[in-house]
Amino acid sequence: RGDSMKDAGMLDGDMVVVERNRPTKAGDIVVALVDNEVTVKYLYPLKSSGGWVLKPANPDYPDIVAQQSLEVLGVVVGVFRRCD
């Protein structure tokens, strides 16, 4: 839901195809559980602390840095939308 990834071509209502247990690298679009909320964002390393930052593909949204926990559930490998 939402439009935080619209500049990556992901629109509200789209479905993502996710590969679990795939090694992640900087710049991957991931499904992540961050501080008990699920989100889809770009994954990048935090230069200052060795942690990770989740970045949206819409400048209207802030970057997300986990306050308590971050678990990558999988890497997005495809997107599809229903056309009526």
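Residues numbered from 1 in each chain as written. Predicted model: local features only at pLDDT ≥ 70, side-chain atom pairs only at ≥ 80, totals over all residues. Heavy atoms only, no water.

Asker: Describe the environment of Val79, naming the residues involved and giving the relevant values.
Answerer: Considering the arrangement of structural elements, one finds Val79 in strand β5 (residues 70-80). In this structure the C-alpha to C-alpha distance between Val79 and Met15, which are 64 residues apart in sequence, comes to 5.7 Å. Ignoring anything within four residues of it in the chain, the contact list for Val79 reads Met10, Asp14, Met15 and Val16. (Helix = DSSP H or I, 4+ residues; strand = E, 2+ residues; numbered from the N terminus. Contact = heavy atoms within 4.5 Å.)

Asker: Account for the layout of surface pockets, with residues named and values stated.
Answerer: Size it by volume and the largest pocket reaches roughly 350 Å³. As for the largest pocket, its lining consists of 16 residues, of which Arg1, Gly2, Ser4, Met5 and Val40 are closest to the centre. The set of elements that each furnish at least two residues to the lining of the largest pocket consists of β1 (15-19) and β3 (37-45). The element best represented in the lining of the largest pocket is β3, accounting for four residues. Tallied by class, the residues present in the lining of the largest pocket amount to seven nonpolar, four polar and five charged. (1 Å grid on protein atoms, 1.4 Å probe; cavity = no way out; pocket = protein on both sides within 12 Å on 5 of 7 lines; lining within 4 Å. Points joined across faces, edges and corners; volume = space filled by probe spheres on them. Nonpolar A, V, L, I, M, F, W, Y, C, P; charged D, E, K, R; others polar.)

Asker: Residue-level account of the packing of aromatic side chains, with values.
Answerer: In this structure the tally under the stated criterion is one aromatic pair. On the basis of an interplanar angle of 40 degrees and a centroid distance of 6.3 Å, the ring pair of Tyr42 and Tyr44 is categorised as tilted. The exposure class of Tyr42 is partly exposed, given its relative accessible area of 22%. Given the relative accessible area of 31%, Tyr44 is considered partly exposed. (Phe/Tyr/Trp six-rings, centres within 6.5 Å; stacked < 30°, edge-to-face > 60°. Buried < 20%, exposed > 50% of the residue type's maximum accessible area, 1.4 Å probe, protein only.)

Asker: I'd like a rundown of the pairing of β5, residues and numbers included.
Answerer: Bridging between β1 and β5 involves five bridges; their strand directions are antiparallel. Bridge pairing in β5 places Val16 opposite Val79. Relative to β5, strand β2 (residues 29-34) runs antiparallel, the two sharing five bridges. Note that in β5 the partner of Val34 across the bridge is Leu70. (Pairing = 2+ DSSP bridges.)

Asker: Now, about unusual backbone geometry: what can you tell me, with residues and values included?
Answerer: Even without being glycine, Asn21 reaches a positive phi, approximately 60 degrees. Judged by its relative accessible area of 79%, Asn21 falls in the exposed class. Positive phi is not limited to glycine here, since Asn36 has a value of about 70 degrees. Looking at the secondary structure, you find Asn36 in the loop between β2 and β3.

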